[in-house]
Amino acid sequence: MELLSPVPPGWGYTLLVGLLHSLEIAIGATCLGLLIGVAGAFGKLYGGPVTRDLLAVYTTVVRAVPELVLILLLYYAGTDLINQVLAAMGYSRVDISGLAAGIFVLGFVQGAYSTEVIRGAILAIPQGQIEAARAYGMPPGLMLRRITLPAMLPFAIPGLANLWLIATKDTALLAVVGFFELTLATRQAAGVTKAYLIFYLAAGVLYLAVTLFSNLIIGRVEAWSRRGMPSVKEAR
């Protein structure tokens, strides 16, 4: 257990820093994915033909290509493209933060899945609520804030919760591009000490702890979003 101590020669502090970086990326990517998902869902439902076709291509390609391939493509090709554009405009090349790049890459992937989850949740809203809002002359922005978003939450939260848990695990893929997070920290600690079993078990426990804590919070949020709705037991 000395190897897991937070003070040298233990590697506990290194693992905790890696976990913190993983959570930073997961939270940022989930928030970015939600923004893309809301915009994408409304674009696919209410946008014009061109908008719907472009969003269909985006969601299909992202869900079809393995996430590791997308991460490598967006991380390396994306940063290189940005620097080429800056060079063409007469600006000097910039070093893009690994944290910002990781959030963008995973957020871009999360956005495709969030789009479909939110689109399905909106379609699950009883149409009578939408028609009543329109009959009252409620403008689209007000209807979105007071009717659509609150009504879709009970249908969207289970899918979005799964995406959050997937995001916490997908941060491990960023170790391939050298970003320091929990998996890379575990690999470094195990490589130096040769105690592979101890450190990979410790990483698994940390991921499990994040999942259990997330399930607790998600359960409370889901119960709050379903207030006033009949429970499953009452429906039986």
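In the annotation of an unreviewed UniProt entry, the entry for the protein chain reads ABC transporter permease, and the organism field reads Mesorhizobium atlanticum. Per its UniProt entry, the protein chain bears the Sequence similarities (unreviewed entry) comment "Belongs to the binding-protein-dependent transport system permease family. HisMQ subfamily."

(A) Molecular detail of the UniProt feature "domain: ABC transmembrane type-1" (unreviewed entry) in the protein chain. Per the UniProt record, "domain: ABC transmembrane type-1" (unreviewed entry) is annotated on residues 19–218. Between the end C-alpha atoms of residues 19–218 there is a gap of 20 Å, over a span that is 84% helix and 0% strand.

(B) Examining the UniProt feature "transmembrane region" (unreviewed entry) in the protein chain more closely. Taken from the UniProt record, the annotation "transmembrane region" (unreviewed entry) applies to residues 20–42, 54–76, 96–113, 147–166 and 197–218. Within residues 96–113, the helical portion is 89% and the strand portion 0%, while the C-alpha atoms at the span's ends are 26 Å from each other. Between the end C-alpha atoms of residues 197–218 there is a gap of 31 Å, over a span that is 100% helix and 0% strand.

(C) Spatial organisation of the environment of Ala203. As for its placement among the helices and strands, Ala203 is situated in helix H8 (residues 196–225). Expressed as a C-alpha distance, the spacing of Ala203 and Ala185, which sit 18 residues apart in the sequence, is 9.2 Å. Setting aside residues no more than four positions away along its own chain, Ala203 makes contact with Leu182 and Thr186.

(D) How the structure looks around helix H3 (residues 67–88). Counted at 1.5 Å a residue, the expected span for H3 with its 22 residues is 32 Å, and the 30 Å between its end C-alpha atoms agrees. Those residues of H3 lying buried are Glu67, Leu70, Ile71, Leu74, Tyr75 and Asn83. Residues of H3 that are buried in the fold lie against helix H2 (49–64), helix H4 (98–123) and helix H6 (140–170). Gly90, located one to two residues past H3, shows a positive phi value of around 90°.

(E) View of H6. Between its terminal C-alpha atoms H6 stretches only 36 Å, short of the 45 Å expected from 31 residues at 1.5 Å a residue. Along H6, the sharpest change in direction is near 55° and occurs at Pro154.

(F) View of the packing of aromatic side chains. This model, assessed by the stated rule, comprises three aromatic pairs. Taken together, a centroid distance of 6.1 Å and an interplanar angle of 35° make the contact between Phe104 and Phe108 tilted. Of this pair, Phe104 and Phe108 both sit in helix H4, separated by four residues, roughly a single helical turn. Connected via pairs of aromatic rings, a cluster forms that spans Tyr58, Phe104 and Phe108.

(G) Molecular detail of the packing of H4 against H6. Running from amino to carboxyl end, H4 crosses H6 at an angle of 150°, the nearest separation of the two axes being 9 Å. What the angle tells us is that H4 and H6 run roughly antiparallel. Where H4 crosses over H6, the handedness of that crossing is right-handed. Touching Leu106, Gln110, Tyr113, Ser114, Val117, Ile118, Ala121 and Ile122 of H4 are Thr148, Met152, Phe155, Ala156, Gly159, Leu160, Leu163, Trp164, Ile166, Ala167 and Asp170, all from H6. Residue composition of the contact of H4 with H6, by class: 14 nonpolar, four polar and one charged.

Calculation notes
Residues numbered from 1 in each chain as written. Predicted model: local features only at pLDDT ≥ 70, side-chain atom pairs only at ≥ 80, totals over all residues. Heavy atoms only, no water. UniProt positions renumbered as here; feature names shortened; annotations may be inferred. Helix = DSSP H or I, 4+ residues; strand = E, 2+ residues; numbered from the N terminus. Contact = heavy atoms within 4.5 Å. Expected span 1.5 Å × (residues − 1). Buried < 20%, exposed > 50% of the residue type's maximum accessible area, 1.4 Å probe, protein only. Bend = angle between axes of the 7 residues up to and from the residue. Phe/Tyr/Trp six-rings, centres within 6.5 Å; stacked < 30°, edge-to-face > 60°. Axes fitted to C-alpha atoms, helices over the stretch in contact; angles between N-to-C directions. Parallel < 35°, antiparallel > 145°, perpendicular 65-115°, else oblique. Left-handed = near helix turned anticlockwise from the far one by under 90°. Nonpolar A, V, L, I, M, F, W, Y, C, P; charged D, E, K, R; others polar.

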